[in-house]
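Remarks on the overall topology
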Amino acid sequence: MGRVTTRRPVLRITADRATRRPDTLAVEEPLEIRVGGESLTITMRTPGHDVDLVHGFLLAEGMIGSREDIAAVRYCDGVDESGANTYNVLDVALAPGVTVPEGTGRRAFTTTSACGVCGKNSLDEVRTRTRYPLKDAGTTSIGTHTLTELPDTLRRHQQVFESTGGLHAAALFTPDGALLALREDVGRHNAVDKVIGWALTDNRVPLSHSVLMVSGRASFELVQKAVMAGIPVLAAVSAPSSLAVDLAAESDLTLVGFLRGDTMNVYTVPERIKTN
């Protein structure tokens, strides 16, 4: 696996001095995802938990629905100028009988660390039909007191952010606030793919009794990924987009934004939020 952080020289300027020193940065490198030897997409990500990322990405794309749909995932040959393996190419072998659904397939573009659905032909293509409808998710609910504690828990467990200040985080919690898994990445959509991919490989999908917490804003693609994994509640420390709210409402997902201190905005399906 590649490095998660690296060092670069910087000129540090303050009110009374200028000094040169090394600075710790989050690594951003391309990961090419192949299915059956054919290139599907290239995403810019922070190395680490790549297999989780691929599982989560393929679930969100509607290409798989369980861990049994994947027979194997392996790194392909890819070397740098010194001949060392870069671990930047992953090839996925689908299980026998699993085929790529119509409407999904090769993306002839690079997914940047800022965008999870760039290059989609239309919103209809993005609104992939989930295998785990949230209307069938049962009666999962979470209290406001528990919700207000999630951002601090998320922040305390962001190990790489602590040294770089440059990573997004996504975490899965139980409705009583217990942390299940947390992943960091330069791309917010990658962080979500990694944590959902962890759940998929651990046979926890659909995540009908869980809450997804993200460190930034709630964009359309993050709502889409939550819906595809059967997650009934998505909370974010920042704002949602209008399209994220629309998709959450259509999909019966509870969307919480501006979760800061003891305040929050509940944009959709407030019935899952218990006021304390």
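Here, residues in each chain are numbered from 1, in the same order as that chain's written sequence. Two thresholds apply to this predicted model, a pLDDT of at least 70 for residue-level local features and 80 or more for giving and counting side-chain atom pairs, whereas whole-chain, interface and lining totals are computed over all residues. Each side-chain value is derived from all of the structure's non-hydrogen atoms; neither hydrogens nor water enter the calculation.

As annotated in an unreviewed UniProt entry, the protein chain carries the name Sulfur carrier protein FdhD and comes from Rhodococcus rhodochrous. Database annotation for the protein chain, UniProt heading Sequence similarities (unreviewed entry): "Belongs to the FdhD family." UniProt positions are given in the numbering used here, feature names are shortened, and annotations may be inferred rather than shown by experiment.

So, on to the sheet that holds strand E9 (residues 168–173). As summarised here, the arrangement of the 6 strands in space is E10-E9-E11-E12-E13-E14, forming an open sheet in which the pairing is mixed. Each edge of the open sheet carries a strand with a single partner, namely strand E10 (179–185) and strand E14 (263–268). Neighbour to neighbour, the strand axes of the sheet diverge by 20° on average, direction disregarded. Only strands joined by at least two bridges in the DSSP assignment are considered to pair. Strands are runs of DSSP state E lasting at least two residues, helices are runs of H or I lasting at least four, and both sets are numbered from the N terminus onward. Summarising the sheet, strand E11 (residues 211–214) and strand E12 (residues 233–236) pair through 4 bridges and their orientation is parallel. Bridged to Val211 within E12 is Val233. Lines fitted to C-alpha atoms define the axes, with helix axes restricted to the stretch in contact, and inter-axis angles between N-to-C directions lie between 0 and 180 degrees.

For the rest of this paragraph, the subject is the pairing of strand E2 (residues 18–26). Examined bridge by bridge, strand E1 (residues 5–13) and E2 share 9 bridges and lie antiparallel to one another. Across the sheet, Arg8 pairs through a bridge with Asp23, a residue of E2. In textbook terms, the turn of a hairpin is the stretch between consecutive antiparallel strands, and for E1 and E2 this stretch comprises 4 residues.

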